[in-house]
Amino acid sequence: MATKVNDLSTQIRSLNNVALNMVQTNQLDSAMAYASLSIKLNENAGSPYLTSFADRVIGDVYLAKGAYDSAR
């Protein structure tokens, strides 16, 4: 829907939410892909909050993988 009405913020937020759900179900590669896509789309939107959320999800992925230095 967000794509159909050209609502970039909702598209990015949706990608972040899917990424977070993927982390919670231990689908870490998918979580990283959705978070990365969110960041790429956000280059056009420029929302610091949405980028921060995606970065947090990426940190969660690294934490789940035991890569503590990268997670930080």
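A brief report on the enclosed structure follows.

Cut-off values and rules
Each chain has its residues counted from 1, following the order in which its sequence is written. Only residues with pLDDT of 70 or above have their local features reported here, since the model is predicted, and side-chain atom pairs are shown and tallied only from 80 upward, although totals for entire chains, interfaces and linings are computed over all residues. Side-chain measures here rest on the full set of heavy atoms in the structure, leaving out hydrogens and waters. Secondary structure is summarised from DSSP: a helix means a run of H or I of at least four residues, a strand means a run of E of at least two, and numbering begins at the N terminus for each. Helices are assigned an expected span. That span is 1.5 Å times one less than the residue count. Contacts are assigned to residue pairs that have any heavy atoms within 4.5 Å of one another. Burial status follows relative accessibility: with a 1.4 Å probe on protein chains alone, a residue under 20% of its type maximum counts as buried, one over 50% as exposed, and anything between as partly exposed. Here, a salt bridge means any side-chain nitrogen of Lys or Arg that lies within 4 Å of a carboxyl oxygen of Asp or Glu.

Focus on helix α3 (residues 48–64)
Phase 1: For α3, with 17 residues, the first-to-last C-alpha span of 24 Å sits near the 24 Å given by 1.5 Å per residue.
Phase 2: Against the buried residues of α3 lie α1 (8–24), α2 (28–45) and α4 (68–71).

Points about the environment of I58
Phase 1: When you line up the elements, I58 lands in helix α3.
Phase 2: Note on I58: relative accessible area 14%, which makes it buried.
Phase 3: For the pair I58 and V23, spaced 35 residues apart in sequence, the C-alpha to C-alpha distance is 9.0 Å.
Phase 4: If near-sequence neighbours (up to four positions away) are discounted, I58 is found in contact with M32, A35 and I39.

Some points on the pattern of salt bridges
Phase 1: If you walk through the whole model with that rule in mind, you get three salt bridges.
Phase 2: Notably, a salt bridge pairs D60 with R56, separated by 2.8 Å at the nearest N-O pair. Of this pair, D60 and R56 are both found in helix α3, four residues apart, which corresponds to roughly one turn of the helix.
Phase 3: Take R56: its relative accessible area is 45%, and that puts it in the partly exposed class.
Phase 4: Where D69 meets R72, a salt bridge forms, and the shortest distance between an N and an O atom there is 3.8 Å. Each member of the pair, D69 as well as R72, is classed as exposed.

Coordinates in, geometry out; function isn't part of it.
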